[in-house]
Amino acid sequence: MQKTYYDPSDLRKFGKITEWNEELGNKFFEYYGKVFEEGALTAREKSLIALAVAHTEQCPYCIDAYTKDGLQRGVTKEEMMEAIHVGAAIKSGATLVHGVQMMNKVNKLDG
Amino acid sequence: MATKSLKKRESDLANSNRQLQILSNGIFQNGELPTFKDKIAETNQFPLKAKKLEILQINVGYMCNQVCEHCHVDAGPDRKEIMTRETMQQCLEVIKNTGAHTLDLTGGAPEMNPDFRWFVEEAAKAGIKDFIVRSNLTIIRANKKYYDLPEFFKKHNVHVVSSMPHWTRGKTDKQRGDGVFDKSIKALQELNAVGYGMPDSDLRLDLVYNPSGAFLPGDQMAMEKDFKKGLMEDFSIQFHNLFAITNLPISRFLDYLIASENYEDYMYALVEAYNPAAVENVMCTNTLSISWDGYLFDCDFNQMLGLPVNSKAKHISEYNEELLEGRNIVISQHCYGCTAGAGSSCQGVVA
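Note that the coordinates shown come from a computational prediction; the quantities given were computed from them, not determined experimentally.

Peer 1: Residues and numbers for the overall build of chain A, please.
Peer 2: The number of helices and strands found in chain A is five helices and zero strands. When the helices and strands of chain A are placed in sequence order, the string is α-α-α-α-α. In terms of overall dimensions, chain A has C-alpha extents of about 60 × 40 × 30 Å along its principal axes. By residue count, 21% of the 111 residues in chain A fall in the buried class.

Okay, structure coming up:
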């Protein structure tokens, strides 16, 4: 029996999700592939966005995948770290901006 | 950063038979991944056959001023295998009579062969359409006696193809050694100064990019754009084209893959990226590789693995273009390196 929730080699099996629902699986991968094509944003820019989101989502598969993808595109480690700080800043900002809600509530209840 | 070749370190992997064993054992033996032979057989591309010869690639010696992390030649200052003038004479006979349109000199650092200049002068007279010298750039700055190489290349209308792993210092020096980036930049500026790589210039200057680690190269066009932008903005350097080349799992790169526990993942990545269209144009079908001691191989990689051509003519002294055409190419699992994604050859992508 598997003793861990995450196995790095499972990433290679991602495509197998279509086996249990071909239609939706295929639609997803088609969409996914299209999203990452060169468009108004370059594929390189999209790769960095994906890396940042991979971190905020804390998805280990995505982190592996988009770190490697970035290296393949010649993205430097400095660019990668800056990108995940953007993700982290939004994540912490999203927490802290709720502080205003807390302040509103305090002011209403105990003002 | 390595400072000695695998051979000098007496590494197990300096033995090409050991490398071939590794490439046939494990995940390929237990059927986890298909062998290259089985894979190309799926699309009826086995046996792979040589077409008309277009490119003659001559390795004039394994000596090099650098000891790059990934080198498939296991080249370095400690390698003494050098082509003699006698073998060069035999090559010249072939060059004069070949139907090939491209002559491609490689090494090691080809410029370190004591007869390099003589050979270039003689070969240039043969009037081959495209005469390539693969220069590692730093050699131009390594010693005063090499300072005039840009002028020398220009005089003989040599097409310069040079390795440049990245447009930033960090990634370049990691792969090729400390100080390599700065020297390479200086050498590129000197090549630009004599006219190499300038837009519309006939003096061709192309760069070769290969990844600095256990990952495949990205899209060649996109990488070229990034390289051009980076080198222009920071150093006002211009060049013509970028060739993105996949690292093949042999020699020092294989050693690195095993030591860093990336071997299996890398082979998976190569097999997953397998592209039958790349097999159509893989370089061994139009190239012949000649070793420093005059033996014939399907490619530079087979040369390093000690896999000779499957032909009666095995040495430059027995060279026969008709006999070599149509020969079966010798393959193993390293060949997946040339068929991944858009494919890979010494001239960049093939599909």
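Peer 1: If you had to explain the interface of chain A and chain B to someone new, which residues and values would you point to?
Peer 2: Residue-level contacts link nine residues of chain A with 16 residues of chain B. Carbon and sulfur atoms supply 52% of the area that chain A and chain B bury against each other, a total of about 1,000 Å² over both sides. The three residues of chain A that bury the most area against chain B are A:Arg12, A:Leu71 and A:Gln72, which together make up 53% of that side's buried surface. Across the contact surface, chain A and chain B share two salt bridges.

Peer 1: Go over a nonpolar patch on the surface with me, naming the residues and quoting the values.
Peer 2: Residues and elements named next belong to chain A. A surface patch of nonpolar side chains, amounting to about 460 Å² of accessible area, comprises Phe14, Ile17, Phe28, Tyr31 and Val35. Note on placement: Ile17 falls in the segment before helix H1 (22-35). Its relative accessible area of 45% is what places Ile17 among the partly exposed residues.

Peer 1: Can you lay out the layout of surface pockets for me, pointing to particular residues and giving the numbers?
Peer 2: As a volume, the second largest pocket reaches approximately 520 Å³. Along its surface, the second largest pocket is lined by 23 residues, and A:Arg44, B:Trp167, B:Lys225, B:Asp226 and B:Lys229 are the ones closest to its centre. If one sorts the elements of the lining of the second largest pocket by residue count, helix H9 (residues 220-235) of chain B sits on top with nine residues.

Peer 1: With reference to specific residues and values, describe empty space enclosed by the protein.
Peer 2: With a probe scaled to a water molecule rolled over the atoms, the places where space remains empty come into view. Residue and element names in this part refer to chain B. Following the criterion strictly, the structure yields four cavities of 30 Å³ or more and no others. In this structure, the largest cavity occupies an estimated 590 Å³ of space. Surrounding the largest cavity, 30 residues form its lining, His70, His72, Thr106, Ser163 and Arg176 being those nearest its centre. Listed by contribution, the elements that provide at least two residues to the lining of the largest cavity are strand E3 (130-135), strand E4 (159-163), helix H10 (251-259) and helix H13 (300-304). Examining the composition of the lining of the largest cavity, we find that three residues originate from one element, E4, more than from any other. Of the residues that constitute the lining of the largest cavity, the class distribution is twelve nonpolar, 14 polar and four charged. In this structure, the second largest cavity encloses a volume near 100 Å³. In terms of lining residues, the second largest cavity is bounded by 16 residues, among which Val282, Cys284, Cys299, Cys335 and Cys338 are the most central. Looking at the lining of the second largest cavity residue by residue, the classes come out as 13 nonpolar, three polar and no charged.

Peer 1: Please set out the packing of helix H2 (residues 43-56) of chain A against helix H4 (residues 77-97) of chain A residue by residue, giving values where relevant.
Peer 2: The axes of two packed helices give the description: the angle between them and the distance between them. All names here are of chain A. With their axes 8 Å apart at the nearest point, H2 and H4 run at an angle of 50 degrees to one another. Considered as vectors, H2 and H4 are oriented oblique to each other. Crossing of H2 against H4: the hand is right-handed. Residues Arg44, Leu48, Leu51, Ala52, His55 and Thr56 of H2 lie in contact with H4, whose contacting residues are Glu79, Met80, Ala83, Ile84, Gly87, Ala88 and Lys91. Of the residues in the contact of H2 with H4, the class split is seven nonpolar, three polar and three charged.

Peer 1: Report on the sheet that holds strand E6 (residues 242-244) of chain B, specifying residues and quantitative values.
Peer 2: All names here are of chain B. Sheet architecture is open: eight strands sit in the order E6-E5-E4-E3-E2-E1-E7-E8, paired in mixed fashion. For this open sheet the edge positions go to E6 and strand E8 (296-297), each flanked by a neighbour on one side alone. Alignment of E4 against strand E5 (residues 205-209), held across four bridges, turns out to be parallel. Looking across to E5, one finds that Ser162 is bridged to Leu207. In this fold H9 packs onto E5 and E6, with an angle of close to 135 degrees to the strand it touches most, E6.

Peer 1: Describe the UniProt feature "domain: Radical SAM core" (unreviewed entry) in chain B, and please don't skip the residues or the numbers.
Peer 2: Mapped onto the present numbering, the UniProt feature "domain: Radical SAM core" (unreviewed entry) falls on residues 58-196 of chain B. Annotation note: span residues 58-196 of chain B, helix share 41%, strand share 13%, distance between end C-alpha atoms 23 Å.

Peer 1: Go over the environment of B:His334 with me, naming the residues and quoting the values.
Peer 2: Residues and elements named next belong to chain B. Looking at the element boundaries, His334 is found in the segment after helix H14 (321-324). Taking the C-alpha atoms as reference points, His334 and Leu20, 314 residues apart in sequence, are found 8.7 Å from one another. When residues no more than four places from it in sequence are discounted, the contact partners of His334 are Leu23, Leu248, Pro249, Ile250, Phe301, Asn302, Leu305 and Leu307.

Peer 1: A description of the pairing of E5(B) should follow, citing residues and the corresponding values.
Peer 2: In the case of a regular strand, side chains alternate between the two sheet surfaces. Residue and element names in this part refer to chain B. Counting buried positions along E5 yields five of five residues, so the element is predominantly enclosed. Where burial is concerned, the two faces of E5 agree: the one with Leu205, Leu207 and Tyr209 and the one with Asp206 and Val208 are both buried. Of the strand pairs in this sheet, E5 and E6 are connected by three bridges, and their pairing is parallel. Paired with Val208 across the two strands is Phe243, which belongs to E6.

Peer 1: I'd like a rundown of the nonpolar core, residues and numbers included.
Peer 2: Counting 108 residues, the largest nonpolar core has B:Ile58, B:Phe119 and B:Phe153 as its most contacted members. Among the elements that make up this core, the one with the highest residue count is helix H11 (residues 263-272) of chain B (seven residues). Beyond its immediate sequence surroundings of up to four residues, B:Phe119 is in contact with B:Ile58, B:Val60, B:Met88, B:Cys91, B:Leu92, B:Ile95 and B:Leu105. Formed by seven residues, the second largest nonpolar core is a distinct cluster that contains A:Leu48, A:Leu51, A:Tyr66 and A:Met80.

About the cut-offs
Residues numbered from 1 in each chain as written. Chains lettered and ligands numbered in written order. Predicted model: local features only at pLDDT ≥ 70, side-chain atom pairs only at ≥ 80, totals over all residues. Heavy atoms only, no water. Helix = DSSP H or I, 4+ residues; strand = E, 2+ residues; numbered from the N terminus. Buried < 20%, exposed > 50% of the residue type's maximum accessible area, 1.4 Å probe, protein only. Contact = heavy atoms within 4.5 Å. Buried area = accessible area lost by both parts, 1.4 Å probe. Salt bridge = Lys/Arg side-chain N within 4 Å of Asp/Glu carboxyl O. Patch = residues over 30% accessible without salt bridge, like charges linked within 9 Å, V, L, I, M, F, W, Y side chains within 5 Å. Areas by Shrake-Rupley, 256 points an atom, 1.4 Å probe, with all protein chains shown as cover. 1 Å grid on protein atoms, 1.4 Å probe; cavity = no way out; pocket = protein on both sides within 12 Å on 5 of 7 lines; lining within 4 Å. Points joined across faces, edges and corners; volume = space filled by probe spheres on them. Nonpolar A, V, L, I, M, F, W, Y, C, P; charged D, E, K, R; others polar. Axes fitted to C-alpha atoms, helices over the stretch in contact; angles between N-to-C directions. Parallel < 35°, antiparallel > 145°, perpendicular 65-115°, else oblique. Left-handed = near helix turned anticlockwise from the far one by under 90°. Pairing = 2+ DSSP bridges. UniProt positions renumbered as here; feature names shortened; annotations may be inferred. Core = buried A, V, L, I, M, F, W, Y, C linked by side-chain atoms within 4.5 Å.

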